[in-house]
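Chain residues, written in single-letter form:
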Amino acid sequence: MLSSVCHAVRVWRRTPVVSVTIILTLAVAIGANTGALSVLRAVLLAPLPYPDPARLAILWTEDPAHSVHQEGVSYPNYADWRAMNHTFADLAFFIRTTYSQVNIGAETPERVQSAEVSSNFFPVIGVLPAQGRAFNEEELKARSHVVILSAGLAVRRLGSANVVGQSIDIEGRPSTVIGVMPVSFHFPDGDTEVWRPYTDRIPYQPNQRDADYLAVLGRLKPGASIATARADMSAVGRRLEQAYPAMPDGFGGFGVNVVPLYEHIYGKNTRPALWLISAVALCVLLIAVTNVANLLLARLEARDREFATRMALGADSGRLVRQILAEIGFLAAIGAACGVAIAYAGLRVLVSTFADRLPRLNQAAIDPSMLGIAVVVTVVACLAAALMPITQLRRDNFAPAIRKRSSTPMKRTLAISQVALATALLASAGLLLRSYIGVERIPLGYDPRHLLVFELVSRPSNTLGRANLDAYGTRIARECRERIRSLPGVIDVATAGDLFQRRNPDWEIYPEGRDVKPDGSPLADDIVSTNFFRVMGAPLLAGRLFTPEEELDPNRTTAIINDTMARKYWPGVDPVGKRFATSPPGTKQSWTTVIGVVGTLQTAGRDTGPLPQMYWPKANYPDLKFIVRTATDSNAILGAVRSEVHAVDAAAVIYNPTTVEAQLDRWMSPRRMNISVVGTFSAMATLLAAIGIFSLLHYATALRTREFGIRFALGATPANVLTQVIRDGVNVAAIGAFLGSIAAIAAARAFSALLFGVQPWDPQTITVAVVSALVLAAIASAAPALRAAKLNPGEALRSE
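Residues numbered from 1 in each chain as written. Predicted model: local features only at pLDDT ≥ 70, side-chain atom pairs only at ≥ 80, totals over all residues. Heavy atoms only, no water.

Colleague: What should I look at first to understand the overall build of the protein in this one?
Modeller: The number of helices and strands found in the protein is 23 helices and 23 strands. Looking at the protein residue by residue over its 800 residues, the buried ones come to 51%. Relative to all contacts within the protein whose residues are 6 or more apart in sequence, the contacts with residues 24 or more apart total 82%. Here the protein displays about 35100 Å² of accessible surface, and carbon together with sulfur accounts for 58% of that area. (Helix = DSSP H or I, 4+ residues; strand = E, 2+ residues; numbered from the N terminus. Buried < 20%, exposed > 50% of the residue type's maximum accessible area, 1.4 Å probe, protein only. Contact = heavy atoms within 4.5 Å. Areas by Shrake-Rupley, 256 points an atom, 1.4 Å probe, with all protein chains shown as cover.)

Colleague: Looking at this structure, I do not really get the pairing of strand 13 (residues 451-457). What am I missing?
Modeller: The two faces of a sheet get side chains in turn, since along a regular strand they alternate between them. For strand 13, a buried count of 7 out of 7 residues is recorded, marking the element as mostly surrounded by other parts of the structure. Because side chains alternate across strand 13, one face comprises the buried residues Leu451, Val453, Glu455 and Val457, and the other comprises Leu452, Phe454 and Leu456, equally buried. As judged from the 5 bridges shared by strand 13 and strand 22 (residues 625-630), these two strands associate in the antiparallel manner. Looking at strand 22, one finds that Val453 is bridged to Ile627. Judged from the 5 bridges that link them, strand 13 and strand 23 (residues 653-659) form a sheet pairing that is antiparallel. When the bridges of strand 23 are listed, Leu456 appears paired with Ile654. (Pairing = 2+ DSSP bridges.)

Colleague: When you look at empty space enclosed by the protein in this model, what are you seeing that I'm missing?
Modeller: Over the atoms rolls a probe the size of a water molecule, and its path tells where empty space is left. Across all of its chains, the model carries 3 cavities of 30 Å³ or more by this definition. Taken as a whole, the second largest cavity encloses approximately 70 Å³ of empty space. What lines the second largest cavity is Val419, Ala422, Leu426, Thr686, Ala689, Ala690, Ile693, Ala773, Leu776 and Ala777. If one sorts the elements of the lining of the second largest cavity by residue count, helix 19 (residues 660-703) sits on top with 4 residues. (1 Å grid on protein atoms, 1.4 Å probe; cavity = no way out; pocket = protein on both sides within 12 Å on 5 of 7 lines; lining within 4 Å. Points joined across faces, edges and corners; volume = space filled by probe spheres on them.)

Colleague: I'm lost on the packing of helix 21 (residues 718-750) against helix 22 (residues 763-789) in this one. Help?
Modeller: Each packed pair of helices is defined by two parameters, the angle between the axes and the distance between the axes. For the pair helix 21 and helix 22, the least separation of the axes is 7 Å and the interaxial angle reads 155°. Classified by the angle between their axes, helix 21 and helix 22 sit roughly antiparallel to one another. Along this stretch, helix 21 crosses helix 22, giving a crossing that reads as right-handed. Looking at side-chain class alone, the contact of helix 21 with helix 22 contains 22 nonpolar, 3 polar and no charged residues. (Axes fitted to C-alpha atoms, helices over the stretch in contact; angles between N-to-C directions. Parallel < 35°, antiparallel > 145°, perpendicular 65-115°, else oblique. Left-handed = near helix turned anticlockwise from the far one by under 90°. Nonpolar A, V, L, I, M, F, W, Y, C, P; charged D, E, K, R; others polar.)

Colleague: When you look at the pairing of strand 11 (residues 215-220) in this model, what are you seeing that I'm missing?
Modeller: Burial of strand 11 is extensive: 6 of the 6 residues sit out of reach of the surface. Neither face of strand 11 is exposed, since Ala215, Leu217 and Arg219 on one face and Val216, Gly218 and Leu220 on the opposite face are all buried. The sheet contact formed by strand 1 (residues 56-63) and strand 11 spans 4 bridges and is antiparallel. Along strand 11, the bridge assignment pairs Leu59 with Val216. Inspection of the sheet shows strand 3 (residues 88-95) paired to strand 11 by 6 bridges, in the antiparallel sense. Across the sheet, Asp90 pairs through a bridge with Arg219, a residue of strand 11.

Colleague: For this particular structure, what's the right way to read unusual backbone geometry?
Modeller: The phi torsion of most residues other than glycine is negative, and most of the peptide bonds are trans. With an omega of 5°, the peptide bond between Phe187 and Pro188 qualifies as cis. Residue placement: Pro188 occurs in the loop between strand 9 (173-180) and strand 10 (192-197). Unlike most non-glycine residues, Asp52 shows phi in positive territory, near 45°. Mapped onto the secondary structure, Asp52 falls in the loop between helix 2 (16-45) and strand 1.

Colleague: Before we go on, may I ask you to explain the nonpolar core in this structure?
Modeller: Side chains of a nonpolar character, in soluble globular proteins, are inclined to be buried together. One finds Phe121, Phe122 and Phe185 to be the most contacted residues of the largest nonpolar core, which totals 73 residues. For this core, the leading source of residues is helix 9 (residues 270-301), giving 12 residues. Those residues in contact with Phe121, other than ones at most four positions away along the chain, are Ala92, Phe93, Phe94, Phe185, Phe187 and Leu217. Membership of the second largest hydrophobic core comes to 25 residues, among which are Ala494, Ala496, Ile595 and Leu601. (Core = buried A, V, L, I, M, F, W, Y, C linked by side-chain atoms within 4.5 Å.)

Colleague: Is there a simple way to think about the confidence of the model for the protein in this case?
Modeller: Atomic detail in the predicted coordinates should be set aside for any region of low pLDDT. Chain-level pLDDT for the protein is 78 on average; 80% of the residues reach the 70-or-more range. The element-level mean pLDDT for the protein is lowest in helix 23 (residues 793-798), coming to 56, with strand 11 highest at 94. In this model, residues 395-407 is a region of pLDDT below 50 whose contacts with residues beyond four sequence positions or in other chains number 24 contacts. Across residues 461-466 the pLDDT falls below 50, and counting only partners more than four positions away or on other chains, this stretch makes 4 contacts in the model. (pLDDT = per-residue confidence, 0-100.)

Colleague: Explain the packing of aromatic side chains here, please?
Modeller: For any pair of aromatic rings, geometry is given as the distance between the ring centres together with the angle between the planes. Summed over the entire model, instances satisfying the criterion amount to 22 aromatic pairs. Taken together, a centroid distance of 5.0 Å and an interplanar angle of 80° make the contact between Tyr78 and Phe93 edge-to-face. Linking Tyr78 in helix 3 (residues 75-84) with Phe93 in strand 3, this pair joins segments that are 15 residues apart in sequence. Tyr78 gets classed as buried once you look at its relative accessible area, which sits at 3%. By relative accessible area, Phe93 is classed as buried at 2%. Note on Phe122 and Phe135: the rings are 6.2 Å apart at their centroids and 45° apart in plane angle, and the pair reads as tilted. (Phe/Tyr/Trp six-rings, centres within 6.5 Å; stacked < 30°, edge-to-face > 60°.)

In structure tokens:
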């Protein structure tokens, strides 16, 4: 065996270009597939860290009439769902919002994310504290100040994970630690570090069904499915709707949306995106092994005289078979080793770039089983490439010429399949690129540059009543605005309720004097300061902006609307001065006057679509978002902003500071990841396909040396031969491109959810992919064609 390996090394050293090409091709294919499949396994295929995760689901209030599908749940609805359903073993609830963030510690407060949960939350999810215990019903009823910590927070703040029974300051109030969760537990989100019993609004009255603050977690009974649960909960919703027909305006309805937990965590588009990337990587692997098969086949058949001579001298065919396998195995081993290095480097780049955008991506590592799959597929393909020479070695009439010609159709078929796959990948990458460019070109309606956004959270002593808390927060917000505005480099400071709003509230409006029936379409709103539109750089199209006096109006008698809302409710009419109400005719209506129209602001991302939106005046209120317009880099002044805030209130915390550009970039990140990975793989595939066509024509041209000599002798010109060879290459590419375009359309239908503003059968993209494949085929054909055109007729006729 050792002698066979040594001989393999000598053989491949004689053809270093072919050897290096095969090794690099295998390395790229194995590395790309190992990386892609490792990410797929870590993110999607590895089970969630909960017992029987397939039986876990999140339940939301659903209101299809208003395009709302994931609204919160009120406590009365939760209690009725729990009592009336037949498919869930139990239901629990949790709250995880910006308002669930808490200050930990008294002297050096730290702002951390908390979740407020029901007493049965941990038994339902199936994970109990590693130290201590979970909550009980008595603690909820008694409103006990108890808390469960993450292992990381316990070590960071208290010095050890064994802190059960100790006291920790939360929001200025001592709370007893009754449990510490396992290190691997992260729910509802990866940054949740504190779990508290939710008691603030319990018990609700039955008529408070519009207080939809809860998210509900359910564990299905054994044998129950998501489909049966949806049918069951729909029936429950209908029963509640019949029992409570009169509900306040704006109520989200009684519909129930049951979402599998994995879909809640990953979203709808993560799964198709990762499957697409894995499929593209597999196509690269197929193209690569096809290319390697072509190269190996040509290399082995070029040694026909060697094999024939060795067999004539008495060499055993088994010995030659072992030699061929050793040569192939030698290259495959080196290619696999290089592939591991490429996979490792690619994973590091992918994780460092997208770890905060893709759940569990930071857990991705080279998976031995995925590496094994890629290597096995590659080795099998390489062995298949050697199959024809090996079968010929077992024939008594070893005829090189017959063998060469018999393999040409196979090579042509392999080249066609390469071009087909490459065309499909080019078209897929083109569709994603057109979607990305289409989203990027959507106007935002404002200037996102140099805008710093953060939420100011101030939590004074809990001895203050609710009214005093609001007054305190309002004063802090006002003083912080003035101090931040005076900083060097700050142009102005505005406030808003929810700048990056991505959910549409269930509003309906009724314009005065117009019979407009509610159609259930989305309608957003926000509260903003008088200078909000100037700070955002948004144009005022008609009317005027708010005055300082209107900021103090608690009755919302004036509003500014965007042009999308103006076109919908007052088409062809100037809406300034018009009035609308948010309650239907026949009820007590409070009228709001439209005082201005602004351009549509795409603050929730470019791809959310233009929403009708109205703005109410409110400058200072607790928990508003601050928008700071700066002259230069917004991040550079963040330290000075913190200092000014702490000068007003040492306990105040700036939460989640970011820039508008960074937030928009974060929303575009999944699309960028898709186009980056698919585009890179498509470029690899196209290059490999071009190499495959070059290999085919180079081999075919060598076989036709005598034919070309005869053509030259009969009067053919070099241009005739050049055109003929290039035409052969383009014909192969044309067949492959046609098949690839059909495959691209079929594949695009499967990942149509990832597309924006473009159809899977987009003719422009398909045409560009086909033309690109044909042009590359012509370029790849040029070198063999020039070689054929430069043949000496006399030498060509004497070659055989």
